[in-house]
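# A structural walkthrough
Next come the chains, spelled out residue by residue.
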Amino acid sequence: MSGDRNPIHLHALTAKLFGFPAAIAHGMWTKAHALASFEGRLPDAFTVDVRFKQPVLLPGKAAFTSWKTDDGWAFELWHASKPKPHLEGTISAV
């Protein structure tokens, strides 16, 4: 989807050559998908800070949670069946 031809995103066999147990979702796609959850709730100008914790293995399922903060929003993406975070982030108005 991203146009990135990095082997870790293309196939499980090529991802294993780089130490991953399976192909992984692209981090920028994961970030964009998380931000899509805020459609209609964001100001015209904002900053996003994301910290990647663990890759999203493909195929896979993830759970998303978000909450309002004093400065904007905070959010996390977790493995759907294990308490392992994939990413955490904040959104702040500029």
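The preceding data block contains the structure.
Below: a short report on this structure. (Residues numbered from 1 in each chain as written. Predicted model: local features only at pLDDT ≥ 70, side-chain atom pairs only at ≥ 80, totals over all residues. Heavy atoms only, no water.)

### Looking at the packing of aromatic side chains
Per the counting criterion, the structure on display carries 4 aromatic pairs. Measuring from ring centre to ring centre gives 6.0 Å for Phe38 and Phe64, while their planes differ by 75 degrees; the resulting arrangement is edge-to-face. Within this pair, whereas Phe38 is found in the loop between α3 (27-36) and β1 (46-52), its partner Phe64 is found in strand β2 (residues 62-68), the two being separated by 26 residues in sequence. What makes Phe38 buried here is its relative accessible area of 0%. For Phe64, a relative accessible area of 32% puts it in the partly exposed group. Just above the ring of Trp73 sits the side chain of Arg41; from NZ or CZ to the centre is 4.6 Å. (Phe/Tyr/Trp six-rings, centres within 6.5 Å; stacked < 30°, edge-to-face > 60°. Helix = DSSP H or I, 4+ residues; strand = E, 2+ residues; numbered from the N terminus. Buried < 20%, exposed > 50% of the residue type's maximum accessible area, 1.4 Å probe, protein only. Lys NZ or Arg CZ within 6 Å of the ring centre and 35° of its normal.)

### Notes on the sheet that holds β2
The strand order across the open sheet built from 4 strands is β1-β4-β3-β2, with neighbouring strands paired in antiparallel fashion. Each edge of the open sheet is held by one strand with a lone partner, namely β1 and β2. Strand after strand, the sheet turns through a mean of 15 degrees between neighbouring axes, direction not considered. Where β1 meets strand β4 (residues 85-93), 7 bridges bridge the pair, whose relative direction is antiparallel. (Pairing = 2+ DSSP bridges. Axes fitted to C-alpha atoms, helices over the stretch in contact; angles between N-to-C directions.)

### So, the pairing of strand β3 (residues 72-79)
Counting buried positions over the 8 residues of β3 gives 6, a clear majority of the element. As consecutive antiparallel partners, β2 and β3 are separated by 3 residues. The hairpin formed by β3 and β4 contains 5 residues between the paired strands.

### Considerations on the pattern of salt bridges
Counted under the stated rule, the structure contains 3 salt bridges. Across the salt bridge formed by Arg51 and Asp49, the nearest N and O atoms sit 2.5 Å from each other. Given the relative accessible area of 39%, Asp49 is considered partly exposed. Between Lys53 and Glu88 there is a salt bridge, with the nearest N and O atoms lying 3.7 Å from each other. In this pair, Lys53 sits in the loop between β1 and β2 while Glu88 sits in strand β4, placing the two residues 35 residues apart along the sequence. Owing to a relative accessible area of 44%, Lys53 belongs among the partly exposed residues under this scheme. Three or more residues joined by partner-sharing salt bridges are found here, namely Asp49, Arg51, Lys53 and Glu88. (Salt bridge = Lys/Arg side-chain N within 4 Å of Asp/Glu carboxyl O.)

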